[in-house]
Amino acid sequence: IKVINVVGARPNFMKIAPIQREMSKYSNIKPVLVHTGQHYDKRMSKFFFNDLQLPEPDIYLGVGSGTHAEQTAKIMTHFEKILNEEKPDLVLVVGDVNSTAACSLVAAKMNTKIAHVEAGLRSFDRTMPEEINRLVTDVLSDLLFVTEKSGLENLKREGIADHKVHFVGHVMIDSLIYFKPKADQSAILDELNLTPGEYGVITLHRPSNVDNKQNFEKLLNAFAQIEQRLPLIFPIHPRSQKMIDQFGLREKVEKMSNLRLLDPLGYLDFMKLLHNAKLVLTDSGGIQEETTFLGIPCITMRENTERPITVEIGTNVLVGTDTQRIVLEAEKILDGNAKKGQIPELWDGHAAERIVKIINEELS
Ligand code: UD1
């Protein structure tokens, strides 16, 4: 069984790593790793390959940045050639980035089977590019691997046949568990002179937050209040870094003496930073789930989430972009009233085993 495993952007790498590793245990499965090059900076890509012990991609498409249409079209044109040459039995895509949807569309038109890992998540907000990618990918997929129960309900409601859908848990949590001993050895806390439990972590990159000056400023105003009580570490995404300068917000950021901007961190350093944080302020999808697994309080600066289990039983709270709401939630945590959470069903480190077993059964 020849399987093309597709990665493109940072949040794909930790999801594909356990799948590649598991596939290599099967003598009858040949994984081919294709990197679209959607993310190309060393800190967004190469360093993750090293940390996650991923093999060099077999094929690198080098598409880079662009508008949504440009990026998607470039990936499609390149990927079509690869499918013609490789003729795989299955294309496996993960998550919800442009590479996920673009490669699914190509595979579907070429009558190649598609497996979508992390299927069924819905924010019900079609202004989010990821929601469009999720809808397109799921409707085209032959095997849909679901991380949380809400995904099962969403797919059923959308008319996806039950036999295609498998509730398997979360490959991103597989990576978190597998690499925990290595992450523990990271020296990042010493390097940054941080004490466990005595700092907060910020991540921010959603277009709705950072491509809009007013929203970005509201968030910075919240950080300015929180940093009076807690040092904040902010490894910053290239998109947000660029927008700080474009909006003339650099001075405002630099005025916060207790907030530290860093370049994007590698996987192991970032996991170490998360494990030991007092709280996390984020607009990421995956970090809502990683903090729920780790039991770390998470304040999500979005109006909605496609990962509702993290709010229902996890440590996540949705606060939107209102300055005072963000500050109030942070104060609750700092005053010892953080929400307690539980770990969702099947987030146990064995999702990739379940996925590859099903692929083997379905395609043999
Ligand atoms: C992408 C995903 C998003 C995911 C995020 C994680 C889509 C639609 N979005 O968003 O779901 O949460 O990755 O990081 O697929 N840039 C660089 N170097 C890079 C990559 C990007 O400088 O290696 C800059 C460029 O200015 C680029 C901008 O960031 O234009 C946005 O990159 P892009 O890949 O379009 O989307 P992300 O915001 O990274």
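For clarity, every value in this text was computed on a predicted model and none was experimentally measured.

Asks: Pulling in residues and values, what's your account of the overall build of the protein chain?
Replies: Within the protein chain one finds 18 helices and 13 strands. On C-alpha atoms alone, the protein chain measures out to a radius of gyration of 20 Å, which is about the 21 Å that the 2.2 N^0.38 rule sets for 364 residues. Taken over the C-alpha atoms alone, the protein chain extends approximately 60 × 40 × 40 Å along its principal axes. With 364 residues in all, the protein chain has 49% of them scored as buried. Long-range pairs, those at least 24 residues apart, make up 71% of the contacts in the protein chain with a sequence separation of at least 6.

Asks: A description of unusual backbone geometry should follow, citing residues and the corresponding values.
Replies: Positive phi, normally seen in glycine, also occurs at Lys 87, with a value near 45°. Tracing the backbone through its elements, the reader meets Lys 87 in the loop between helix H3 (68–86) and strand S4 (90–94). Unlike most non-glycine residues, Asn 111 shows phi in positive territory, near 55°. Assignment of secondary structure puts Asn 111 in the loop between helix H4 (98–109) and strand S5 (113–119). Overall, Asn 111 belongs to the exposed group, with 6 C-beta atoms counted inside 10 Å.

Asks: Provide a residue-level description of the environment of Lys 164, including the pertinent values.
Replies: Inspection of the secondary structure puts Lys 164 in the loop between helix H6 (149–157) and strand S7 (165–167). For Lys 164 and Asp 142, which are 22 residues apart along the polypeptide, the C-alpha to C-alpha distance reads 5.9 Å. Leave out the neighbours within four places in its chain, and Lys 164 touches Asp 142, Leu 143 and Leu 144.

Asks: Provide a residue-level description of the domain arrangement of the protein chain, including the pertinent values.
Replies: Split into domains, the protein chain comes out as domain 1 (2–170 + 347–363) and domain 2 (182–334). For domain 1 and domain 2, the distance between their C-alpha centres works out to 27 Å. Across the contact, 19 residues belong to domain 1 and 15 residues belong to domain 2. Those elements giving two or more residues to the side of domain 1 that touches domain 2 turn out to be helix H1 (10–23), helix H2 (46–51) and H6. The biggest single contributor to the side of domain 1 that touches domain 2 is H2, with three residues. In terms of residue class, the side of domain 1 that touches domain 2 is built from nine nonpolar, three polar and seven charged.

Asks: Help me get a handle on H1, residues and values and all.
Replies: Under the 1.5 Å per step criterion, the end-to-end length of H1 is 21 Å for 14 residues, consistent within 8% with the ideal 20 Å. Its axis deflected by about 30° at Ile 16, H1 carries its strongest bend there, up to four residues before the proline Pro 18. Buried residues dominate H1, accounting for 14 of its 14 residues.

Asks: So what's going on with the site of the ligand? Which residues, and what values?
Replies: For the ligand, the set of nearby residues contains 19 residues, the closest of which are Asp 41, Ser 65, Val 97, Asn 98 and Pro 238. Broken down by secondary-structure element, the contributors of at least two residues to the shell around the ligand are H1, helix H5 (129–140) and helix H12 (238–246). Per-element accounting of the shell around the ligand gives the leading share, three residues, to H12. For the shell around the ligand, the per-class residue count stands at seven nonpolar, six polar and six charged.

Asks: With reference to specific residues and values, describe the pairing of strand S11 (residues 279–282).
Replies: Along S11, one buried face is formed by Leu 279 and Leu 281 and the opposite face, lined by Val 280 and Thr 282, is buried too. Two strands pair when backbone bridges link them, and strand S8 (residues 200–203) and S11 are joined in this way by four bridges, in the parallel orientation. Looking at the pairing, Ile 202 lines up with Leu 281 of S11. Here S11 pairs with strand S12 (residues 298–300) via three bridges, running parallel. Pairing of Leu 281 across the sheet is with Ile 299, part of S12. Handedness of the S11-helix H15 (residues 286–294)-S12 crossover: right-handed.

Analysis parameters
- Residues numbered from 1 in each chain as written.
- Predicted model: local features only at pLDDT ≥ 70, side-chain atom pairs only at ≥ 80, totals over all residues.
- Helix = DSSP H or I, 4+ residues; strand = E, 2+ residues; numbered from the N terminus.
- Rg over C-alpha atoms; globule rule 2.2 N^0.38 Å.
- Buried ≥ 20, exposed ≤ 12 C-beta atoms within 10 Å, placed from the backbone.
- Contact = placed C-beta atoms within 7 Å.
- Domains from an automatic or database assignment.
- Nonpolar A, V, L, I, M, F, W, Y, C, P; charged D, E, K, R; others polar.
- Expected span 1.5 Å × (residues − 1).
- Bend = angle between axes of the 7 residues up to and from the residue.
- Near = placed C-beta within 6 Å.
- Pairing = 2+ DSSP bridges.
- Right-handed = clockwise from strand over helix to strand, strands pointing away.

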